[in-house]
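Report on the structure
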Amino acid sequence: MTDDRVTETVELIKELVQIPSPTGNTYEVIQFVQSYLDELGIQNKRNRKGGLLATIPGEDTSQHRMLTAHVDTLGAIVKEIKPSGRLRMDLIGGFRYNAIEGEYCQIETSSGETFTGTILMHQTSVHVYKEAGTAERNQKNMEIRLDERVHSADDVRKLGIEVGDFISFDPRVEETESGYIKSRHLDDKASVALLLQLMKRVKEEGLTLPYTTHFLISNNEEIGYGGNASISPETVEYLAVDMGAMGDGQSTDEYSASICVKDASGPYHYLLRKHLVRLAETHGIDYKLDIYPYYGSDASAAIRSGHDIVHGLVGPGIDSSHAYERTHRDSLDHTGTLLYHYVQSKLVI
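About the thresholds
Residues numbered from 1 in each chain as written. Predicted model: local features only at pLDDT ≥ 70, side-chain atom pairs only at ≥ 80, totals over all residues. Heavy atoms only, no water. Helix = DSSP H or I, 4+ residues; strand = E, 2+ residues; numbered from the N terminus. Buried < 20%, exposed > 50% of the residue type's maximum accessible area, 1.4 Å probe, protein only. Core = buried A, V, L, I, M, F, W, Y, C linked by side-chain atoms within 4.5 Å. Contact = heavy atoms within 4.5 Å. Expected span 1.5 Å × (residues − 1). Arc of directions from axis to C-beta. Pairing = 2+ DSSP bridges. Axes fitted to C-alpha atoms, helices over the stretch in contact; angles between N-to-C directions. Polar contact = N/O pair within 3.5 Å; in protein donor to acceptor, adjacent residues only side chain to side chain.

A word on unusual backbone geometry
Most peptide bonds take the trans form, and the phi angle of most residues other than glycine is negative. Following Asp 187, the chain continues into Asp 188 via a peptide bond in cis, with omega recorded as 5°. With respect to the helices, strands and loops of the structure, Asp 188 is situated in helix H4 (residues 186-205). The backbone of Ser 230 sits at a positive phi, close to 65°, despite the residue not being glycine. With respect to the helices, strands and loops of the structure, Ser 230 is situated in the loop between strand S12 (209-218) and strand S13 (235-241). Residue Ser 230 is classed as partly exposed on the basis of its relative accessible area, which comes to 26%. The phi dihedral of His 322 falls on the positive side, at around 65°, and the residue is not glycine.

Quick look at the nonpolar core
Buried together is how nonpolar side chains tend to be arranged in soluble globular proteins. Among the nonpolar cores identified, the biggest contains 69 residues, and Leu 37, Leu 67, Leu 198 and Leu 339 are the most heavily contacted of them. It is H4 that provides the largest number of residues to this core, a total of ten residues. Once residues lying within four places of it in the same chain are set aside, the contact partners of Leu 339 are Leu 67, Leu 194, Leu 195, Leu 198, Leu 239, Val 241 and Val 314. Among the nonpolar cores identified, the runner-up in size contains 25 residues, and Leu 91, Phe 95, Ile 144 and Leu 146 belong to it.

As for helix H2 (residues 27-40)
Along its 14 residues, H2 runs 20 Å from first to last C-alpha, staying within 8% of the 20 Å computed at 1.5 Å per residue. Along H2, the positions that sit buried rather than exposed are Val 29, Ile 30, Val 33, Gln 34, Tyr 36, Leu 37 and Leu 40. Looking straight down H2, one finds that the buried residues subtend no more than 155° of arc, so they occupy a single side. Turned more than 90 degrees away from the buried face of H2, the exposed residues are Tyr 27, Glu 28 and Glu 39.

Digging into the sheet that holds strand S11 (residues 180-183)
Read from one edge of the open sheet, three strands run S10-S11-S19, paired in antiparallel fashion. The open sheet terminates on both sides in strands that have one partner only, identified here as strand S10 (174-175) and strand S19 (325-328). In this sheet, S19 lies alongside S11 in antiparallel orientation, the contact comprising four bridges. Bridge pairing links Ile 181 to Thr 327 in S19. Strands S10, S11 and S19 of the sheet are contacted by helix H7 (residues 329-342), whose axis makes an angle of about 65° with S19.

Focus on the pairing of strand S8 (residues 142-146)
By the criterion of burial, S8 is predominantly enclosed, with four of the five residues buried. Bridging between strand S7 (residues 114-121) and S8 involves five bridges; their strand directions are antiparallel. By the bridge assignment for S8, Thr 118 is matched with Arg 145.

Looking at the environment of Ser 21
Structurally, Ser 21 can be placed in the loop between helix H1 (3-17) and H2. Its relative accessible area of 2% is what places Ser 21 among the buried residues. In this structure the C-alpha to C-alpha distance between Ser 21 and Tyr 292, which are 271 residues apart in sequence, comes to 25 Å. Setting aside its immediate chain neighbours within four residues, Ser 21 contacts Thr 26, Val 29, Val 71, Asp 72, Thr 73 and Lys 189. At 3.1 Å, the side chain of Ser 21 forms a polar contact with the backbone oxygen of Val 71.

With respect to the side chain of Asn 25
Mapped onto the elements, Asn 25 comes out in the loop between H1 and H2. Take Asn 25: its relative accessible area is 13%, and that puts it in the buried class. Here Glu 108 takes part through its side chain, which lies 3.1 Å from a polar atom of the side chain of Asn 25. When near neighbours in sequence (up to four residues on either side) are disregarded, Asn 25 contacts Pro 20, Glu 108 and Phe 166.

In structure tokens:
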């Protein structure tokens, strides 16, 4: 991608991560994406699960491709209003309480009002609690301190806050001069931005894709079933665009496109993986092959649900997944370029 396109992608990521969208409450962010596609004149529709399906017709209408990225994020939900006026949470998605300790958050009531707060240990004050540093970070010990004058459960309920209200985390998005993008929810809004930019580029360049290509913006991935619906029977290849996981023993970095070989669901389609590697090498795209041991994608969910498809997984490398995440402009560039050449290539079978 050109530097201007990468900059556009970064700006789009900044907009996306600041729209609260924990799994189960993605209406606002889906509307944002739908408006973006409407302005481009790209055909789109919502499915019953609340996701968004965009379609670009291709030369071959008998065989289809689908690319997907998910717009839902980690979050929480109010489990209990404590007698003290603080809130107990239940987590949405696969992460640990220590990843959100000290984080600012927002509570949205069923009437649409929002209130802010901070996620803290009950035993936070080291001047009071001897076990402040050693107490387990769990549902029992962690709570939300509301930024309101509340001293009881009744005070909280008078604000309109109730069990079941959604809780979202402050993304704290920032771009550094050295090209890093730091934020919560880069999983998977970085990839959503890449797909939106890809569709925009196809439209602006007047490209005719070889196959009708669908882009599913799913909204239930963090709980395991975002991308196993809305797959047309003509779909041959299904490519999930999600984060590349980094850590000890991983080859993925923040500067390349990550191509997943295998995750917790098993190996991805061998021929599609080799095809992605050939595209990367042909077009000078930096890439890493990797295995994500504790990971599942919309593509693996689609396979588990019985779809007869060729499935793959690529994405930008993301450091500190499911916490305060970070990637680099270079990873967005290489991943976006790989996707651009992929949608213009031949099917692998």
